[in-house]
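Now for the letters of each chain:
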Amino acid sequence: MKSKYIEIPYAILCELTHRCPLSCPYCTNPVELEKKSNEIDTNTWKKIITEASNMGVLQVHFSGGEPTIRKDLGELIRHANLLDLYTNLITSAVLLNEDKIKELYDFGLDHVQVSFQDTNAKSADKIAGYKAHNKKIEICKSIRKIGLPLTINAVMHRQNLHNLEAMIKMAVDLDAERIEVAQVQYYGWALKNVEAFLPSREQLDITTKLVDKYKKKLKGILVFDYVVPDYYARKPKVCLGGWAKRFINITPSGTVLPCHAAESIDYLKFDNIKDKSLSWIWKNSSAFNEFRGSSWMSEPCMSCDRKEIDWGGCRCQAYALTGDPYATDPTCELSPHRKVLDKPLSKVSRKKIPDFVYRKRKVNKRKNIGIGHNSQRILKKN
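The rules behind each value
Sequence order as written defines the numbering, with residues in each chain counted from 1. Two thresholds apply to this predicted model, a pLDDT of at least 70 for residue-level local features and 80 or more for giving and counting side-chain atom pairs, whereas whole-chain, interface and lining totals are computed over all residues. The side-chain numbers reported here are obtained from all heavy atoms of the structure, hydrogens and water having been left aside. Two rings from Phe, Tyr or Trp (for Trp, the six-membered ring) form a pair when their centres are within 6.5 Å of each other. A pair whose planes differ by under 30 degrees is stacked, one over 60 is edge-to-face, and the rest are tilted. Each residue is placed in one exposure class: buried if its accessible area under a 1.4 Å probe, protein chains only, is under 20% of its type's maximum, exposed if it is over 50%, and partly exposed if it falls in between. The rule is short: NZ of Lys or CZ of Arg within 6 Å of the ring centre and within 35 degrees of the ring normal puts a charge over the ring. For the purposes of this section, nonpolar cores are sets of buried Ala, Val, Leu, Ile, Met, Phe, Trp, Tyr and Cys residues that join through side-chain atoms within 4.5 Å. We call two residues in contact when some of their heavy atoms are within 4.5 Å. Salt bridges are identified by distance alone: a Lys or Arg side-chain nitrogen within 4 Å of an Asp or Glu carboxyl oxygen. Working definition: helices are DSSP H or I runs of at least four residues, strands are E runs of at least two. Numbering for both runs from the N terminus. Between the first and last residue of a helix there are one fewer steps than residues, each counted as 1.5 Å, and that sum is the expected span. Here the arc refers to the set of directions running from the helix axis out to each C-beta atom.

*Asks:* So what about the packing of aromatic side chains? Which residues, and what values?
*Replies:* Both the distance between ring centres and the angle between the ring planes are used here to describe each pair of aromatic rings. Applying the stated criterion to the full structure yields ten aromatic pairs. Their ring planes at 85° and their centres at 5.4 Å tell us that Phe-291 and Trp-296 sit as a pair that is edge-to-face. The class for Phe-291 is buried, based on a relative accessible area of 2%. A residue is classified by how much of its surface remains accessible, and Trp-296, at 12% relative accessible area, is buried. When the ring centre of Trp-280 is taken as origin, the NZ or CZ atom of Lys-276, which lies over that ring, is 4.4 Å away.

In structure tokens form, the structure reads like this:
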């Protein structure tokens, strides 16, 4: 692999656990969830964070599942803080309280991102498969009271897009700094629920106009990130900046991935941190190098002037929709596989919406399975 394609990773996503009290049917976790008994221990996570810092990583994102289930979360945040890394907690917030947030803040937590399923409790709790909405509101108020920056991750789809304006108002009322209007992306559990979530073209157009309106209206008050459904795109998205370019994902068992959905390409062998160093995996892993750069591409990608802009689109999506991870992402208008999108798109006008397939782990019923202040250092490190 030519060295020009091996850059310094910008961030790592630490999936501390797949355990979660919620059962969201669009969860980005793999369909085969990792068991608690397979989770790597505190010292191994600290080793990963140290190695990441030595590689030049600037940000550590703690996620799950629900990361606050892990009793060592505060210790891991403190370790990252001592290494001058920016720390972000991605959480459902339902297991937090004000004392716990204050504790994490004192350990060095820099930012919190809280996901919302809808703006009213009845609908939100139905989507989450858990009574969560009112607790999320309460915790977001505590997050801002303590002084932590807050991002609202508003997961939008055909069943709640009519509430987007209320979602934006809720974000302002909660004093969030940012809202991510993130329409569902169809991997993992969401792919099982595509008919329940995929909006109509009319819904998408209304949503885009609404986001543009409030971006201008709330400039200086609320920052917007807007993610549209891939299936309506003309050009594929630049998935995490390109395969193995700037991002590392580590699963609860220590498997190292170039993106959170990479294990869906089931023939690839991904290395584990228990066997190889993070730096070695980043540079030498056969799975990381499989789609790094552009030499793997076929037509129409190889002769496209965007081949080193969008990098052929998402490999996981290409594999899920065509069975060929080397194929042009079908969301590209030039893809010979574009027609695979016709089937899901043809069903968006149906009035009857299918029931959710909830995120659940199949278990033996006899067994019980449990469920701000670094910003100046970031500038210096850059």
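Still more ground to cover, so stick around.
*Asks:* Run through the nonpolar core, naming residues and quoting values.
*Replies:* Counting residues in hydrophobic clusters, the biggest one holds 79 residues, and the most contacted among them are Phe-62, Ile-152 and Ile-179. Dropping the residues within four chain positions of it, Phe-62 is found in contact with Cys-14, Leu-16, Ile-49, Pro-67, Leu-73, Leu-76, Ile-77, Thr-87, Asn-88, Leu-89 and Ile-90. Within the second largest apolar cluster, 22 residues are counted, among which are Val-94, Ala-128, Val-348 and Phe-356.

*Asks:* Quick one: what's the story with the pattern of salt bridges, residue by residue and with numbers?
*Replies:* One pass over the structure, following the stated rule, counts 20 salt bridges. Between Glu-103 and Lys-100 there is a salt bridge; the shortest N-O distance is 2.9 Å. You can see Glu-103 and its partner Lys-100 sitting in helix α3 (residues 98-107), three residues apart, about one turn around the helix. A relative accessible area of 35% places Glu-103 in the partly exposed class. Residues Asp-106 and Lys-102 are paired through a salt bridge, measuring 3.0 Å at the closest nitrogen-oxygen approach.

*Asks:* So what's going on with the environment of Ile-179? Which residues, and what values?
*Replies:* With respect to the helices and strands, Ile-179 occurs in strand β6 (residues 178-183). In the structure, Ile-179 is positioned 166 residues away from Leu-13 in sequence and 20 Å away in space, judged by C-alpha atoms. Once you skip the residues sitting within four places of it in the chain, Ile-179 turns out to touch Ile-152, Ala-154, Met-167, Ile-168, Ala-171, Leu-222, Val-223, Phe-224 and Asp-225.

*Asks:* Report on helix α12 (residues 315-322), specifying residues and quantitative values.
*Replies:* Among the residues of α12, those classed as buried are Arg-315, Cys-316, Gln-317, Ala-318 and Tyr-319. At the exit of α12 stands Gly-323, carrying a positive phi of roughly 80°.

*Asks:* Mind laying out helix α9 (residues 201-217), listing which residues take part and the relevant values?
*Replies:* The periodicity of an α-helix, 3.6 residues per turn, causes residues three or four places apart in sequence to face the same way. With 17 residues, α9 ought to run about 24 Å at 1.5 Å a step, and its terminal C-alpha atoms sit 24 Å apart, in line with that. Every buried residue of α9 is accounted for by Leu-204, Thr-207, Leu-210, Val-211 and Tyr-214. For α9, the buried positions fall inside an angular range of 130° around the axis, keeping them on one side. In α9, the exposed positions angled more than 90 degrees off the buried face are occupied by Glu-202, Ile-206, Lys-209, Lys-216 and Lys-217. Contacts made by the buried residues of α9 are with α6 (164-173), β6 and β7 (223-227).

*Asks:* Talk me through unusual backbone geometry; I want residue IDs and the actual numbers.
*Replies:* Residue Gly-65 is bonded to the preceding Gly-64 through a cis peptide linkage, with omega at 15°. With respect to the secondary-structure elements, Gly-65 resides in the loop between β2 (59-63) and α2 (73-82). Looking along the chain, the bond that leaves Glu-299 and enters Pro-300 is cis, with omega of 10°. Structurally, the position occupied by Pro-300 is in the loop between α11 (286-290) and α12. Located in the positive-phi region is Ala-93, a residue other than glycine, with phi close to 75°. Structurally, the position occupied by Ala-93 is in the loop between β3 (86-91) and α3. A positive phi angle, close to 55°, is found at Ala-244, a residue other than glycine. Along the chain, the position of Ala-244 falls in the loop between β7 and β8 (247-250). Judged by its relative accessible area of 0%, Ala-244 is buried.

None of this, on its own, says anything about what the molecule does.
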